[in-house]
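Understanding the architecture of this molecule
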Amino acid sequence: MTRYPALIALLAGAVAACGFAPLDLWPLLLAGLIVLLALVHDASTMRGALWRGWAFGVGHFTINNNWFQHAFDFQDKMPPVLGYFAAVGLALYLAIFPMAAAGVAWRFRGRRPDAAYVLIFGAAWIATEYLRARLFTGYAWDPLSVAWLPVIGVARMSAFVGTYALSGLTVVLAGAIWLGLRRRWHLAVVMVPATGVAALSAPLTRAPGPAADAPLVRVVQPNIGQDQRGESDGPLLLRTLTGLSGRSGPRPRLVVWPEGVVRDMIEDGYPDWAYFGFNYAPPAWTRRQIANVLGPRDAALVGGTALNFSSDRRRVTSATNSVFAINPRAQIIGRYDKAHLVPYGEYLPMPWLLKPLGLARLVPGDMDFSAGPGPRNLRLPVFGQVGVQICYEIIFSGQVVDEAHRPRLLFNPSNDAWFGRWGPPQHLAQARMRAIEEGLPIIRSTPNGISAIIAADGRLLATVPHLTAGAAEAPLPAALPPTVFSRLGNMLALAVAMALAAIGVAIRRRAR
């Protein structure tokens, strides 16, 4: 592996990416990490170690984020071919984080591969993965731990240590196997059996079934692509959504619709001119169509848009990506505004620089979105407090719940029509990790991605497959008691990283 180390690292990163959805070949993730550990340890200089870590990241993120290109297929201001360069360009940046972890681990390596090197690599990976989720608004897509969902007993360890810490422990497990292959068994004796026990413990951490009188939740997926949602299509889209919403029975229902499909305005109170070009029906009429599918104890959660105006109300200054709670009387009883906006999607960073270069937001329109205040709950009759995380807000570990008011469940509407074939299953997987971490059920509604009802332990209770029109209906899943992670958050990641680093340094000093 010393003749072309950077090329081998690049290929190892690509192989590791196959461990994630939609392929779910998780042993390949471990194999790729083993190659990375070996390559970095064998580097003769810090520069060589950084180069190999960066090459691994480029291969890993290029494959794992290949769906990023598809967002450019719906742009009329930028050519679709630019999406391929954007996907690779994103990987070139994201690769900085595994590069940094590789550099820290190489600094503390010994002459021979040992547990100290592996433990410090795991600690560094936790720190860099956490930073990747925070710096420059953060991009937390597919941390290593998400690959464990097919082995859900291991994935459920995130309820105790969190996603980022479990990613670091994944690096340690790969290192233990690597050391075992080199007949250095000490770390493998601990990590491999512990992982096996975790894998078999899934029944012990299973969420209870719903109560006998639990209300129902109905998740609607209309199978409407991004190119099928013109401004004049509002009535047709609304008929499709209401047609899939079913009718109320004796048990109350929570009916949820996806992000990005309702074209008409939902709120009243805007100046008459503000509706021109945004919808072709009065908001009250739109709400009545929604309310017509609701029974007397039902409620609906609907993705839509709200407008913000200048002080003289003569121009629209921005919009919010919102979820509206609507009751059977066609009244809005709550609204949540998305807080964690997508750069280049919902707003254009540094417009003074990028607009003259011909760059634009990936979402059609010239108006930027404005951010809401952060995680908030909608209080619904019968259903209690419902937390909302719109689209990619759900990928940020430790940032999805109003800590002062723990909700009964989380609603995650999303517009996965941008994401090609790889993006929707990856997005769903990350929502499942949030359910495990927080001990809360999550309901996801997408236009044509993968809509789902997720139990509080991460199991999929009902789904509507990709590119399929339909609805999933089931009793509202029960929440678990607050998990360790839900109480302590990413302080746990810090604690695990510090423990791994401390043990690694102690081993290194003892060896000297």
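Check the entry above for the structure.
Predicted model only: the values in this text are computed from it and were never measured.

Section: the packing of aromatic side chains
Per the counting criterion, the structure on display carries 14 aromatic pairs. Both rings, one in Trp 51 and one in Trp 54, keep their centres 5.5 Å apart while their planes meet at 20°; by these two values the pair is stacked. Of the two residues, Trp 51 and Trp 54 are both situated in helix H3 (residues 46-64); the distance of three residues between them amounts to about one turn of the helix. For the ring pair Phe 121 and Trp 125, a centre distance of 6.5 Å and an interplane angle of 35° mean the geometry is tilted. One end of the pair is Phe 121 and the other is Trp 125, both in helix H6 (residues 115-132) and four residues apart, which spans about a single turn.

A few points about the pattern of salt bridges
Counted according to the given criterion, the structure contains 12 salt bridges. One salt bridge connects Arg 253 with Asp 298, and the closest N-O pair in it is separated by 3.4 Å. Taken as a pair, Arg 253 in strand S2 (residues 253-256) and Asp 298 in the loop between helix H12 (283-291) and strand S3 (299-309) lie far apart in primary sequence, 45 residues in all. By the burial criterion, Arg 253 is buried, and Asp 298 matches it.

Here we look at the sheet that holds strand S12 (residues 470-475)
Strand order in the open sheet formed by six strands is S5-S4-S3-S2-S1-S12, with mixed pairing between adjacent strands. Every interior strand has two partners, whereas the edge strands, strand S5 (332-337) and S12, have only one. Along the sheet, successive strands turn relative to each other by an average axial angle of 30°, direction set aside. Sheet topology note: the strand S4 (residues 316-326)/S5 ladder contains five bridges and is antiparallel. Its bridge partner being in S5, Val 323 is matched across the sheet by Tyr 336.

Re empty space enclosed by the protein
Inspection of the entire model under this criterion finds one cavity of 30 Å³ or more. Of the pockets and cavities examined, the largest cavity occupies roughly 70 Å³. Looking at the largest cavity, the residues that line it are His 60, Phe 61, Phe 97, Pro 98, Trp 125, Thr 128, Glu 129, Arg 132, Asp 142 and Leu 144. Counting only elements with at least two residues in the lining of the largest cavity, the list comes to H3, helix H5 (96-107) and H6. At four residues, H6 tops the list of elements feeding residues into the lining of the largest cavity. Its residues assigned to classes, the lining of the largest cavity comprises five nonpolar, two polar and three charged.

Reading guide: rules and limits
Residues numbered from 1 in each chain as written. Predicted model: local features only at pLDDT ≥ 70, side-chain atom pairs only at ≥ 80, totals over all residues. Heavy atoms only, no water. Phe/Tyr/Trp six-rings, centres within 6.5 Å; stacked < 30°, edge-to-face > 60°. Helix = DSSP H or I, 4+ residues; strand = E, 2+ residues; numbered from the N terminus. Salt bridge = Lys/Arg side-chain N within 4 Å of Asp/Glu carboxyl O. Buried < 20%, exposed > 50% of the residue type's maximum accessible area, 1.4 Å probe, protein only. Pairing = 2+ DSSP bridges. Axes fitted to C-alpha atoms, helices over the stretch in contact; angles between N-to-C directions. 1 Å grid on protein atoms, 1.4 Å probe; cavity = no way out; pocket = protein on both sides within 12 Å on 5 of 7 lines; lining within 4 Å. Points joined across faces, edges and corners; volume = space filled by probe spheres on them. Nonpolar A, V, L, I, M, F, W, Y, C, P; charged D, E, K, R; others polar.

Shape is all these values report; function is a separate question.
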